[in-house]
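# Summary of the model geometry
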Amino acid sequence: MTNLLDRRALLFGRSRPAADPVRPPGALPEAAFRSACDGCAACATACPAGIVRLDGGRRPILDFSQGECTFCAACTEACPTGALAAAGARPWTVRAAIGPACLAVGGVACRSCGDACGSGAIRFSPCPDGRFLPVLREEACTGCGACVSVCPAGAVAVRPTPAVLPLGRAS
Ligand code: SF4
Ligand code: SF4
Ligand code: SF4
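The shown structure was predicted, so the numbers you read here are calculated from the model rather than taken from an experiment.

### Describing the site of ligand 2
- Ile98, Cys102, Leu103, Cys110, Ser112, Cys113, Phe124, Cys151, Pro152 and Val156 make up every residue found near ligand 2.
- Grouping the amino acids of the shell around ligand 2 by side-chain chemistry returns nine nonpolar, one polar and no charged.

### Quick notes on the confidence of the model for the protein
- Looking at the protein, the pLDDT average stands at 85 and 81% of residues meet or exceed 70.
- Predicted confidence is poor over residues 12-18, with pLDDT under 50, and the contacts of this stretch with residues over four places away or in other chains come to 14 contacts.
- Here residues 165-171 is modelled with pLDDT under 50, and outside its nearest four sequence neighbours on either side it reaches 22 contacts, counting other chains as well.

### As for the site of ligand 1
- Neighbouring residues of ligand 1: Pro25, Cys47, Pro48, Val52, Leu62, Cys69, Thr70, Phe71, Cys72, Ala73, Ala74 and Cys75.
- Partitioned by chemical class, the residues of the shell around ligand 1 number 11 nonpolar, one polar and no charged.

### A few points about the layout of surface pockets
- Taken as a whole, the largest pocket holds about 290 Å³ of empty space.
- In terms of lining residues, the largest pocket is bounded by 16 residues, among which Ala27, Leu28, Pro29, Thr93 and Pro160 are the most central.

### Section: unusual backbone geometry
- One non-glycine residue with positive phi stands out, namely Arg58, at about 60°.
- If you trace the backbone, Arg58 turns up in the loop between β1 (52-54) and β2 (60-62).
- One non-glycine residue, Phe71, lies in positive phi territory at about 55°.
- Position of Phe71 relative to the elements: it lies in the loop between β2 and α4 (74-78).
- Exposure remark for Phe71: the relative accessible area of 26% places this residue in the partly exposed category.

What counts and what doesn't
Every chain is numbered on its own, with residues counted from 1 as its sequence reads. Written order determines the labels here, with chains lettered from A and ligands numbered from 1. Owing to the predicted nature of the model, reporting of local features is limited to residues with pLDDT of at least 70; listing and counting of side-chain atom pairs is limited to 80 or more, with chain, interface and lining totals taken over all residues. Derived side-chain values reflect all non-hydrogen atoms in the structure, with water molecules and hydrogen atoms excluded from consideration. Near, as used in this document, describes a residue that has one of its heavy atoms within 4 Å of the molecule or strand being considered. Lys, Arg, Asp and Glu make up the charged group, whereas Ala, Val, Leu, Ile, Met, Phe, Trp, Tyr, Cys and Pro make up the nonpolar group; the residues left over, Gly among them, are polar. As a per-residue measure, pLDDT reflects the predictor's confidence and takes values from 0 up to 100. Whether two residues are in contact is decided by their heavy atoms, any of which lying within 4.5 Å being enough. A pocket, in this scheme, is an open set of points on a 1 Å grid over the protein atoms alone with protein on both sides within 12 Å along at least 5 of 7 lines, while a cavity is a set where a 1.4 Å probe fits but cannot get out; residues line either one if an atom lies within 4 Å of a point. Grid points are joined across faces, edges and corners, and a volume is the space filled by probe spheres set on the points. Runs of H or I in DSSP of at least four residues are treated as helices and runs of E of at least two as strands, each being numbered from the N terminus. Here the term buried applies to any residue with accessible area under 20% of the maximum for its type, exposed to any over 50%, and partly exposed to those in between, with areas from a 1.4 Å probe on protein chains only.

The following block contains the structure:
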């Protein structure tokens, strides 16, 4: 039987190092990206979802509070410097993580993130005390960010992971 600590590990995912910014799909490794990107903002202009904005260094980051990534590749196609490689040329290692602010932890019946996930990557697991806690299946998560803006508690983050998986993979 899964014990409480195991459940917490399932819920919150494995511990991760301080997160790098979430760059658009196809971004070169961070150091190379910073060198190649000249801050032209062509990717931000091209994104039909409106989720690409510039950080303090005028380099693009994804803002999932405004929507989700559809992996349409408009940003990579618009990039004139090669900082964003052709779609699929770079692994997309971004995945969701659910934090302790989740309302379900406190017994509130909320499944908003799971309802928003078209990949079935968030399942709700029953606890002996009657709660249903979200469990993220990283292997199914595409990193699209659709679960972020719908969370009423702001408990869902999307961030790079060490895993190397194909761009936008859904199992
Ligand atoms: S792949 Fe498409 S939706 Fe995703 S960030 Fe790039 S332009 Fe926006
Ligand atoms: S939407 Fe947020 S509060 Fe609701 S179950 Fe998911 S993580 Fe928890
Ligand atoms: S990032 Fe996308 S695929 Fe992953 S859990 Fe959230 S909605 Fe599902």
